[in-house]
Amino acid sequence: MAEAADFQGIGPSPARRWLRRTASLIAGAPLLAGLLTGTAPAASAAPTANEATGSRTVDVSLDTLNPSAPVKGDTLTISGTVTNESKKTVTNAQVDLRVGPRLSGRTAIDDAAERADHSSGDVAPLGGSYKVTFPKLASGVPQDFALSVPVGKLGLGDDGIYQLDVSLSGRTAAAPYSRVLGLQRTFLPWQPDPTEKKTQLTALWPLTSRAHLSAETGSDDQQTPVFENDDLAEELAPGGRLEQMVSLGSRLPVTWVIDPDVIATADAMTRKYQVRNGDTTVPGRNQAVAAQWLNSLEKAVAGHKVVALPFADPDLASLAHRGKDVSGALSHLQPATDVAGKTVETILHVKPSGDFAWPVDGAIDPSIVDVATSAGAHNIITRGDSLQDNLPYTATAARPIGGGTTAIVADTRLSTAFQGDMTEAGSSTLAVQKFLAQSLALTLQQPGNERSIVVAPQRMPTAAQAQSMARALRGLDAERWTEPTDLIEAAAAKPDSQATTKVPSAARYPKSLRGQELPADAFLEIKQTTDRLDNFKAILSSPDRVAAPFSNAINRAMSASWRGDPEAAQQYRGAVENYLLSLADEVQLIPKSDLTLSGRSATVPVTVQNQLLQGVQNLVLRLKSDNPTRLRLDGNRAVAEQPIKIDGGHSQSVKFTGAGNANGPVQVTAQLYTVDGRPYGAPMTFQVKVSEITPTVMLVIAGGVLLLVLAGVKMYSQRKRAVARKAAAESTDDEQTARDTNPEQPSDPTPDTGPESADASGAGEKVDR
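(A) Just the sheet that holds strand E3 (residues 90-103), in detail. Pairing is antiparallel across the open sheet formed by four strands, whose spatial order is E4-E3-E6-E7. Since the sheet does not close on itself, it has two edges, and those belong to strand E4 (131-137) and strand E7 (179-190), each with one partner. Neighbouring strand axes in the sheet, compared pairwise and without regard to direction, differ in orientation by 25° on average. Note that E3 and E4 share six bridges and pair antiparallel. Bridge assignment links Gln-94 to a residue of E4, and that residue is Thr-133. Here helix H3 (residues 106-114) sits on the sheet in contact with E3, strand E6 (160-171) and E7, set at roughly 160° to E7.

(B) Fine view of the nonpolar core. Core analysis: the biggest nonpolar cluster contains 79 residues, and Phe-536, Phe-550, Val-606, Leu-621, Leu-623, Leu-672 and Phe-686 have the highest contact counts within it. In terms of residue count, helix H18 (residues 566-584) provides more of this core than any other element does, eight residues in total. With sequence-adjacent residues up to four places away left out, Phe-550 is seen in contact with Ala-215, Leu-533, Val-576, Tyr-579, Leu-580 and Leu-583. Counting 66 residues, the second-largest nonpolar core is a separate cluster that includes Ala-268, Ala-431, Ala-464 and Ala-470.

(C) Molecular detail of the packing of aromatic side chains. This structure, assessed with the given rule, holds four aromatic pairs. Judged by centre distance (4.8 Å) and plane angle (55°), the rings of Phe-227 and Tyr-273 are tilted. Taken together, the residues Phe-227 in strand E10 (residues 225-227) and Tyr-273 in the loop between helix H6 (260-269) and strand E12 (274-277) connect sequence positions 46 residues apart. By relative accessible area, which is 1% here, Tyr-273 ends up buried. Over the ring of Trp-358 we find Arg-459, and its NZ or CZ is 4.5 Å from the ring centre. Lys-592 extends its terminal NZ or CZ atom over the ring of Phe-686, reaching a point 5.4 Å from the ring centre.

How each quantity is defined
- Residues numbered from 1 in each chain as written.
- Predicted model: local features only at pLDDT ≥ 70, side-chain atom pairs only at ≥ 80, totals over all residues.
- Heavy atoms only, no water.
- Pairing = 2+ DSSP bridges.
- Helix = DSSP H or I, 4+ residues; strand = E, 2+ residues; numbered from the N terminus.
- Axes fitted to C-alpha atoms, helices over the stretch in contact; angles between N-to-C directions.
- Contact = heavy atoms within 4.5 Å.
- Core = buried A, V, L, I, M, F, W, Y, C linked by side-chain atoms within 4.5 Å.
- Buried < 20%, exposed > 50% of the residue type's maximum accessible area, 1.4 Å probe, protein only.
- Phe/Tyr/Trp six-rings, centres within 6.5 Å; stacked < 30°, edge-to-face > 60°.
- Lys NZ or Arg CZ within 6 Å of the ring centre and 35° of its normal.

Note that every value here comes from positions in space, so none of it alone points to a role or purpose.
Rendered as structure tokens:
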């Protein structure tokens, strides 16, 4: 069935036009009569500029429509609310159900949805008992209604999509005759028996989020991670966005498309973690929430196809348009792809497919395709509004675009069906019914031709959007016109030979999306951080402790999740850079004051401090004399160097030999270098004052030293004699005291009666001198 209506529309028949003109004349008759009799409404009754009028007087909301795709024998139940949006009371109000014509094609559905604010006109209500009446509707007060109609009473004919209107008719002071004051239009898919060929439908179920982990880790052996915030816990908790995605997806035939960073971050939350709180950190307390979510996800993906996006879901379009001219920007893609599969398999115990790329909103151009394939992707998920077909039907999703690459063209209408605000029940119900209607219309385009269709929704659905998506997919459970399949099978489907395979030019890339891309300055900042990281890792004894946290953080800085929030993206990049700088500054030269070099040679000490918790190595300290004629270093050289190796938390004093040739100041520069010759840290300068000493000065200094030595010897001799005299006097006094106490003991020695003895002192005897 060729869908000509998708391009030119189908106009009303002559009979229908006559009915509309007749209805218009009938509706205008009371007003004309009023003008002729002078009883027209007074000017004061005219509505104000902001007052709801016409078919917008009353808001009609459809909260439920069940079943969403009925079969013979079912009873259709519709419930909702009506709210008088005007300032005047509506009287004789009546809710009716009107079954419109069978719609031909997908464009006819779009057109009918756009006309939903207008009166049904020529579509008569079912009438009879299938109505709800209200004596009056006060301004601003919602009233609930419910309608139940056997499907057999709807007057449905051939298979297809029928327009279904719920209207509110009534009277107002401005128009005292019954007319349609409010209307809500939806669609009813009618396919009671299975189609001959069913559409193979692949629904992607994305698990992505913003970056939550910083580059910082604790100094403990477990390297406790530091989170920028604890917002992820809200998404993982019951009722949260990601919890709903897992809970709903576990009961649906979907292909899981996962950013490995999400599950890696959740896995880090299951253990000890810290959360940044101003200038400090506080312990995280949501381990149980994260563990429960991961456990549920592991069960949900078991036995299902899983696609792993490159780690942190890098923005391919930003890289292609702004980053590819920055050296090294594209080099992050392949490692991000490699680590993605390992992360998913390690945490979820399922082997994912890693050769799919998914640019934002499926928009592609040649440069985006080149960037995606450079990281090993063989399949690129795009969308029909990017890779457009000029066909009267929707073609199979897979098609070759050259170089062994397959474009998976997702259906635009089905993929964007739930991008609006789905928090209101009425909005969700309308979106679900339109999704089902479009899927049936797609199948009926060519009922004898089985096609493979892909639905690629928004990257981060809200909880309400996810619930609406799940309702729509459950509406297809009966498999009367679709059958579920997975993305791997969709990529391998036989392409339609009539479908376009030409990638759109860069000029056709949407301006709205280009304006949300990461700026070129972002990739320059990322390059600067990468270069500093390489320098820093080169000196560490355990570089793995910083390699993974910083590499992952750099990938997060390029994530597609930053779209729409450039300020937050810049803050994240700045936080990564600042933390790296703070670590690198922990290895530094200790500033020193100027020193004086007296004589022809002396030692010049320089101290290197390592405040890191791990050792540093592969460093060289170079000392340079700015005036080698005046001051030479380490054997008649202008530059001297020594290797540096310091344990964590220690310092090392490095000594250089300096030789002076002439008096005067010399500026000396100390600088650390990596072994491959790149400067590390800031240089340190100090001044050495060279003061040469002559032979005469040396003689004077030697004489002075000799005099000091002789004076010291003399002082020592005098002190020794004084101590000896004092000791002898104390000994004599002790002997006299003993004689006085015991005058003639037999054992006493013979006393010395003379005042002095000229004989030599006996051995051990103390004598005063």
